[in-house]
Amino acid sequence: MKENNVINEVAIGKQIWSLKNLEVTTFRNGDEIPEVKTNKAWKEAAKANQPAWCYYENEEAMGVKYGKLYNWFAVMDPRGLAPDGWQISSQKDWDVLVSALGKDNGLQLKSEQGWMDGGNGTNASGFNLLPGGQRGDDGSFFAEEFGSFLWTNEEASKKEAHNRNVTDTDVELCNQQLGKGYGLSVRCIKIKGW
C-alpha cells in the first residue's frame, strides 16, 4: 500500500528542506521497504546490497522522535525513497545550505534540546536537527543523543557513500564517508517547481 506522505517543510535561503527526518516504510511506487531488526539480518542486507530500514534500537518510540534509519541501498533504490516532489539531498545541496547559514552552521541546524553534554544548538535555521544516532553495518546502534548522521545521494567509493553529520561538540556540519550498510537518517529537499 502506497503511503500518503505529507512533509512539513522549512525554507532556508533558496532551498526548501523537510522539517523532520524521513519516516517512510514504502518506496514511491508503493513497494514495501523491509524493516530489519536483528544484527544478523542487517549485516546480510548490507552484504546483499538490499534496502533496509529500522528504528533506533528497534524501538518505535525512537522512530517517532528521530524518524527511521535507512541503509544506503534503500536511499538509492530506483523505486524512489523520497516522496513525490522531494529528492534525496546531494553534496551540492548541503554545500548551498552551509553557505546560506555561514559560520556556526551546525549550531544553527541543531535543535535547542536533546543533545548530551551541553551540545544543544540554537535552531536559528528552523531545521531542528535531532541527535538520532546511527546503526553500524554490523547492526549495532550508537551515537543517540550526541550525533546526527544524514545520507546524501552520492557515492564515495564502491563500498562507501557521503553523509553530512554533526555531533554534540560540533559547531559546523561535517562531511564524512561511511559504509553503505550503515543505517543513517535522511532529510529530503524539495524539487524546484513543486
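Residues numbered from 1 in each chain as written. Predicted model: local features only at pLDDT ≥ 70, side-chain atom pairs only at ≥ 80, totals over all residues. Heavy atoms only, no water.

Peer 1: Please explain the nonpolar core as it appears in this structure.
Peer 2: Within soluble globular proteins, side chains that are nonpolar generally end up buried alongside one another. Counting 24 residues, the largest nonpolar core has I33, Y70, V75, L81, W151 and V186 as its most contacted members. For this core, the secondary structure elements donating two or more residues are α3 (72–75), β5 (86–88) and β8 (147–155). Broken down by element, the residue count for this core peaks at three residues, all from α3. If you look at the next biggest cluster of nonpolar residues, it comprises 14 residues, including V10, W94, L109 and W115. (Core = buried A, V, L, I, M, F, W, Y, C linked by side-chain atoms within 4.5 Å. Buried < 20%, exposed > 50% of the residue type's maximum accessible area, 1.4 Å probe, protein only. Helix = DSSP H or I, 4+ residues; strand = E, 2+ residues; numbered from the N terminus.)

Peer 1: Where do I start with helix α4 (residues 91–101) in this structure?
Peer 2: Each α-helix turn comprises 3.6 residues. Residues three or four places apart therefore point the same way. The complete set of buried residues in α4 reads Q91, D93, W94, L97 and L101. Down the axis, α4 shows its buried residues gathered within 160° of arc, on one side only. Residues of α4 that are exposed and point over 90 degrees away from its buried face: K92 and S99. Note on α4: the residue one or two positions beyond its end, G102, has a positive phi of about 75°. (Arc of directions from axis to C-beta.)

Peer 1: Where do I start with the packing of aromatic side chains in this structure?
Peer 2: Given two aromatic rings, their pairing is described by the distance between the two centres and the angle made by the two planes. With the rule as written, the count across this model stands at five aromatic pairs. Considering the side-chain rings of W53 and Y55, the 4.9 Å spacing of their centres and the 85° angle between planes classify their relative orientation as edge-to-face. The interplanar angle of 70° and the centroid separation of 6.0 Å between the aromatic rings of W94 and F127 together place this pair among those described as edge-to-face. Highlighted residues: W94 in helix α4 and F127 in the loop between α5 (105–109) and β6 (132–135), separated in sequence by 33 residues. By relative accessible area, which is 0% here, W94 ends up buried. For F127, a relative accessible area of 0% corresponds to the buried category. Connected via pairs of aromatic rings, a cluster forms that spans W17, W94 and F127. Sitting over the ring of W115, K110 keeps its end group 4.9 Å from the ring centre. (Phe/Tyr/Trp six-rings, centres within 6.5 Å; stacked < 30°, edge-to-face > 60°. Lys NZ or Arg CZ within 6 Å of the ring centre and 35° of its normal.)

Remember, this is a structural readout, not a statement about activity or role.
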